[in-house]
Amino acid sequence: MANSAQTRKRARQAVKQRLHNAGLRSTLRTAVKRVQKAIVAGDKAAAQSIFQQSVAVIDRIADKKIVHKNKAARQKSRLSAQIKVLAAP
């Protein structure tokens, strides 16, 4: 356990920050799942509109360094590619 007052405070702050970051990661996963659900349903228009909303969420969370920027870019790229496939019969 932490010995000085400063390290005890940092430990308390770390717990609070970890919970906050976990909530943001959950928001990210939910946004991705919403797009995937629209893709599975086969509704391209709905998938595109949900994708646009999800891109904003993904970018915001990547800017806060909750997830790495390359992971965010990879997720957006893969979702976009899946939406494009919906158009091809």
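Notes on the structure in this doc start here. Since we're looking at a predicted model, the values are computed, not measured.

This part covers the overall build of the protein. Counting secondary structure elements, the protein contains three helices and zero strands. Taken from N to C terminus, the helices and strands of the protein fall in the order α-α-α. For the protein, whose C-alpha radius of gyration is 18 Å, the value lies well above the compact-globule estimate of 12 Å for 89 residues. Once the C-alpha set of the protein is aligned to its principal axes, its extents read approximately 65 × 20 × 15 Å.

Here the focus is the nonpolar core. The biggest cluster of nonpolar side chains holds 20 residues, and the ones touching the most others in it are V35, I39, F51, I61, V67, L79 and I83. Listed by contribution, the elements that provide at least two residues to this core are α1 (5-41), α2 (44-63) and α3 (69-87). Top element by residues in this core is α2. It accounts for eight residues. Beyond its immediate sequence surroundings of up to four residues, I83 is in contact with V35, I39, K44, A47, Q48 and F51.

Glancing now at the environment of A72. The topology assignment puts A72 in helix α3. Given the relative accessible area of 2%, A72 is considered buried. In this structure the C-alpha to C-alpha distance between A72 and A46, which are 26 residues apart in sequence, comes to 21 Å. With sequence-adjacent residues up to four places away left out, A72 is seen in contact with I58, A62 and V67.

Attention now moves to the pattern of salt bridges. If the charged atoms of two oppositely charged side chains come close together, the side chains can form a pair. According to the stated counting rule, one finds one salt bridge in the structure shown. Two residues, K76 and D59, come together in a salt bridge whose shortest N-O distance is 2.6 Å. Of this pair, K76 sits in helix α3 while D59 sits in helix α2, and the two are 17 residues apart along the sequence. Using a relative accessible area of 29% as the deciding quantity, one classes D59 as partly exposed.

Quick look at α1 now. Helix length check: α1 (37 residues) gives 54 Å between terminal C-alpha atoms against 54 Å at 1.5 Å per residue, within 8%. Restricting attention to buried positions, one finds in α1 the residues N21, L24, L28, A31, V32, V35, A38 and I39. In the core, the buried residues of α1 are packed alongside α2 and α3. Looking one or two places after α1, you find G42, whose phi comes out positive at around 85°.

In the Ramachandran plot, K65 falls in the positive-phi region, its phi being about 65° despite a non-glycine side chain. By the element assignment, K65 lies in the loop between α2 and α3.

Here is what the cut-offs are and how they apply
- Residues numbered from 1 in each chain as written.
- Predicted model: local features only at pLDDT ≥ 70, side-chain atom pairs only at ≥ 80, totals over all residues.
- Heavy atoms only, no water.
- Helix = DSSP H or I, 4+ residues; strand = E, 2+ residues; numbered from the N terminus.
- Rg over C-alpha atoms; globule rule 2.2 N^0.38 Å.
- Core = buried A, V, L, I, M, F, W, Y, C linked by side-chain atoms within 4.5 Å.
- Buried < 20%, exposed > 50% of the residue type's maximum accessible area, 1.4 Å probe, protein only.
- Contact = heavy atoms within 4.5 Å.
- Salt bridge = Lys/Arg side-chain N within 4 Å of Asp/Glu carboxyl O.
- Expected span 1.5 Å × (residues − 1).

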